[in-house]
Amino acid sequence: MDKRKLFSKLPKVDDILSNKKIKDLIENIPRDIVVETVREEIEKIRKGILENKYTLDNLDEDVKKIYNSIIKRSNIKINLKLKKVINATGTVIHTNLGRSLISEEIMENIKEVSSNYSNLEYDLDKGMRGSRYSHIEDIIKRITGAEAAMVVNNNAAAVMLVLSTIAKEKEVVVSRGELVEIGGSFRVPDVMEQSGAKLVDVGTTNKTHNSDYETAIGEETAALLKVHTSNYRIVGFTKTVELDDLVNIGRKYDVPVIEDIGSGVLIDLSKYGLQYEPTVQESLKAGVDIVTFSGDKLLGGPQGGIIVGKKKYIDKMKRNPLTRAIRVDKFTISALEATLKLYLNEKDALKKIPTLNMITQSLNKLDEKASKLYGMLESKNENINLEIVDQYSQVGGGAMPLEEIPTKAIMIYSDEINVSVIENKLREFKIPIITRIYKDRMYLDLRTINEKDFNNIVDGFKYALKQDK
Ligand SMILES: *Cc1c(COP(=O)(O)O)cnc(C)c1O
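Parameters and conventions
- Residues numbered from 1 in each chain as written.
- Predicted model: local features only at pLDDT ≥ 70, side-chain atom pairs only at ≥ 80, totals over all residues.
- Heavy atoms only, no water.
- Helix = DSSP H or I, 4+ residues; strand = E, 2+ residues; numbered from the N terminus.
- Buried < 20%, exposed > 50% of the residue type's maximum accessible area, 1.4 Å probe, protein only.
- Polar contact = N/O pair within 3.5 Å; in protein donor to acceptor, adjacent residues only side chain to side chain.
- Contact = heavy atoms within 4.5 Å.
- Phe/Tyr/Trp six-rings, centres within 6.5 Å; stacked < 30°, edge-to-face > 60°.
- Lys NZ or Arg CZ within 6 Å of the ring centre and 35° of its normal.
- Patch = residues over 30% accessible without salt bridge, like charges linked within 9 Å, V, L, I, M, F, W, Y side chains within 5 Å.
- Areas by Shrake-Rupley, 256 points an atom, 1.4 Å probe, with all protein chains shown as cover.
- Salt bridge = Lys/Arg side-chain N within 4 Å of Asp/Glu carboxyl O.
- Lys, Arg positive; Asp, Glu negative; His and termini not counted.
- Charge placed at Lys NZ, Arg CZ, Asp CG, Glu CD.
- Core = buried A, V, L, I, M, F, W, Y, C linked by side-chain atoms within 4.5 Å.
- Domains from an automatic or database assignment.
- Pairing = 2+ DSSP bridges.
- Axes fitted to C-alpha atoms, helices over the stretch in contact; angles between N-to-C directions.
- Parallel < 35°, antiparallel > 145°, perpendicular 65-115°, else oblique.
- Nonpolar A, V, L, I, M, F, W, Y, C, P; charged D, E, K, R; others polar.

The next point concerns the side chain of Glu-277. Inspection of the secondary structure puts Glu-277 in the loop between strand E11 (257–263) and helix H12 (280–285). For Glu-277, a relative accessible area of 2% puts it in the buried group. Here the side chain of Glu-277 touches His-228 through a polar contact of 3.2 Å, side chain to side chain.

Below you can see the structure in the form of structure tokens.
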């Protein structure tokens, strides 16, 4: 086939741009984006010609289709990239999927504060400049029993600020078993180095004794740091220094004890059948000087790093210039305040904070949800097999790493279609559905699926199983 003849059939950019449909498109989408897409679509065909994919007939077909491709792809380019997905994995605090959800009720508060002017840094009593931290300090103090509190952008920033304020150019003693990496980007030794503190690691990976800390303390020691090994446990022949002992050592040598407890648990969840996870209140009661934790893990609020503890240290942190660089915005403050308010009544917290609500969802409720979704999916899909099965959900976010919470899931398998093909399609659905695949079976864990999304899931499967696509 003479390629020159094929090339001569390639549409020109200007011709496409003067087409009525494309002109209409430019009314709604920036011209640059449309032109770029036009060029890309022509280029695709040009490449096809070079690769000998075309005869005159099928070239004509693709040239006719070019307008619809341009419209579709230009629209995709202006779609928002960050969007809602359905989490069917059962991992409640899923760092890749946005960690904790903010309830509609709390969104109302954020909306009111953020779409209007607010007293973010204005003292309404005095009629003058105020502090953005004042709005939440009292409630954090009330809930945790701390002397003072402040909030920064995330827990990594909190740890950095604490160390930079208390231990810059001085030594911080940490157990070797706690030099962990959390979530791929938070490495205790790296954060410490960034803060300007010098790491002194003591003990071994599996065992650290009281005497290890005592021997390491010297002139240059500014603090003892304890890190909750959130996403990791050493089991078997182990020894860690109890918090009480660490506090006693700190007192004896007059060095502050800092604890990064990671997931900020404010309610003892073992009452609800979950694994025991140390609470912020207990750490403070044990006498820890400074405790830091995340806002969007088990606390169930917005991204944030909360620092609680002795006023003399927190006052110094508030004056540290680093604080300005990691300060929270009004979205965080309004969401956090509204979330914390729910903790004033434990029942409210469990019911209205989505993370806590999902974690403590009863098996009965999960079973009920599973039956309902099963019914909706079964009636519509003949080429897949469905079964309600017992499974385990995970808390996630580095909290309770060994905890497996019994749950109900819908298991999907098929002789006709590979489930990973379905998984792929569900991910490209307009509301992407993220599922779990294990040994050629797909699982939809009801714990993290909101009933409001059942219809969307049915539509997602309809899309995924469409034969002609
Ligand atoms: C999750 C975690 C962090 C990091 O917290 P972010 O809020 O994600 O910055 C730090 N330390 C511990 C122990 C954690 O579990």
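There's plenty left to go through after this.
Before going further, it helps to spend a moment on the environment of Val-92. Turning to its location among the elements, Val-92 is positioned in strand E2 (residues 91–93). Through-space distance from the C-alpha of Val-92 to that of Lys-44 is 42 Å; in sequence the pair is 48 residues apart. Setting aside anything within four residues of it in sequence, one finds Val-92 in contact with Arg-99, Thr-355, Met-358, Ile-359, Gln-394, Val-395, Arg-447 and Thr-448.

In total, this model carries one aromatic pair according to the counting rule given. Summarising the aromatic geometry, the rings of Phe-429 and Tyr-463 are spaced 5.7 Å apart at their centres and angled 40 degrees between planes, so their arrangement reads as tilted. One end of the pair, Phe-429, is in the loop between helix H19 (419–428) and strand E16 (433–434); the other, Tyr-463, is in helix H20 (residues 454–464), with 34 residues separating them in the sequence. For Phe-429, a relative accessible area of 7% translates into the label buried. Sitting over the ring of Tyr-413, Arg-441 keeps its end group 4.4 Å from the ring centre.

Right, let's get into a positive patch on the surface. Taken together, the side chains of Lys-170, Lys-312, Lys-316 and Arg-319 define a basic patch exposed on the protein surface. Judged by its relative accessible area of 43%, Lys-316 falls in the partly exposed class.

Before going further, it helps to examine the nonpolar core. Leu-224, Leu-269, Val-308, Leu-340 and Tyr-343 are the most contacted members of the largest nonpolar core, which has 57 residues in total. If one sorts the elements of this core by residue count, helix H15 (residues 330–342) sits on top with six residues. When residues of this core are assigned to domains, at least three map to each of domain 2 (86–95 + 358–468) and domain 3 (104–352). The contacts of Leu-269, once residues within four sequence positions are left out, are Leu-274, Leu-298, Leu-350, Leu-356 and Met-400. Ile-166, Ala-167, Val-180 and Ile-326 belong to the second-largest nonpolar core, a separate cluster that totals 31 residues.

Residue position: Gln-361 is located in the loop between helix H17 (354–359) and helix H18 (363–378). Within the structure, Gln-361 has its side chain in polar contact with the backbone oxygen of Arg-447 (distance 3.1 Å).

In terms of domain boundaries, the chain breaks down into domain 1 (3–78), domain 2 (86–95 + 358–468) and domain 3 (104–352). Domain 2 and domain 3 are separated by 34 Å when their C-alpha centres are compared.

Taking strand neighbours across the sheet as the criterion, the seven strands line up as E5-E13-E12-E11-E10-E6-E9 in an open arrangement whose pairing is mixed. Edge positions in the sheet fall to strand E5 (148–152) and strand E9 (198–202), since each of these pairs with one other strand and no more. Here the average twist between neighbouring strands, direction ignored, is 25 degrees. Sheet topology note: the strand E12 (residues 290–294)/strand E13 (residues 305–309) ladder contains five bridges and is antiparallel. Paired with Thr-292 across the two strands is Ile-307, which belongs to E13. Relative to the sheet, helix H7 (residues 134–144) contacts E5 and E13, its axis offset from that of E5 by approximately 120 degrees. Here helix H11 (residues 243–253) sits on the sheet and contacts strand E10 (221–227) and E11; the angle it forms with E10, its principal contact strand, is near 175 degrees.

What follows concerns the pattern of salt bridges. On inspection of all chains with the given rule, the structure shows 31 salt bridges. The closest approach of N and O atoms between Arg-73 and Glu-40, which form a salt bridge, is 2.7 Å. Of this pair, Arg-73 sits in helix H5 (residues 56–78) while Glu-40 sits in helix H4 (residues 31–50), and the two are 33 residues apart along the sequence. Ionic pairing is found between Asp-201 and Arg-176, a salt bridge with its closest N-O pair at 2.9 Å. Of the two residues, Asp-201 is situated in strand E9 and Arg-176 in the loop between strand E6 (171–175) and strand E7 (181–182); the sequence distance between them amounts to 25 residues. Relative accessible area serves as the criterion here: at 38%, Arg-176 is assigned to the partly exposed category. Each of Glu-36, Glu-40, Glu-41, Lys-44, Arg-73 and Lys-77 takes part in a single network of salt bridges with overlapping partners.

Attention now goes to the packing of helix H3 (residues 20–28) against H5. Look at H3 against H5: their axes get within 10 Å of each other, and the N-to-C directions meet at 10 degrees. With respect to H5, the element H3 is oriented roughly parallel. Facing Lys-21, Ile-22 and Leu-25 of H3, the residues of H5 in contact are Tyr-67, Asn-68, Ile-70, Ile-71, Ser-74 and Asn-75. Its residues assigned to classes, the contact of H3 with H5 shows five nonpolar, three polar and one charged.

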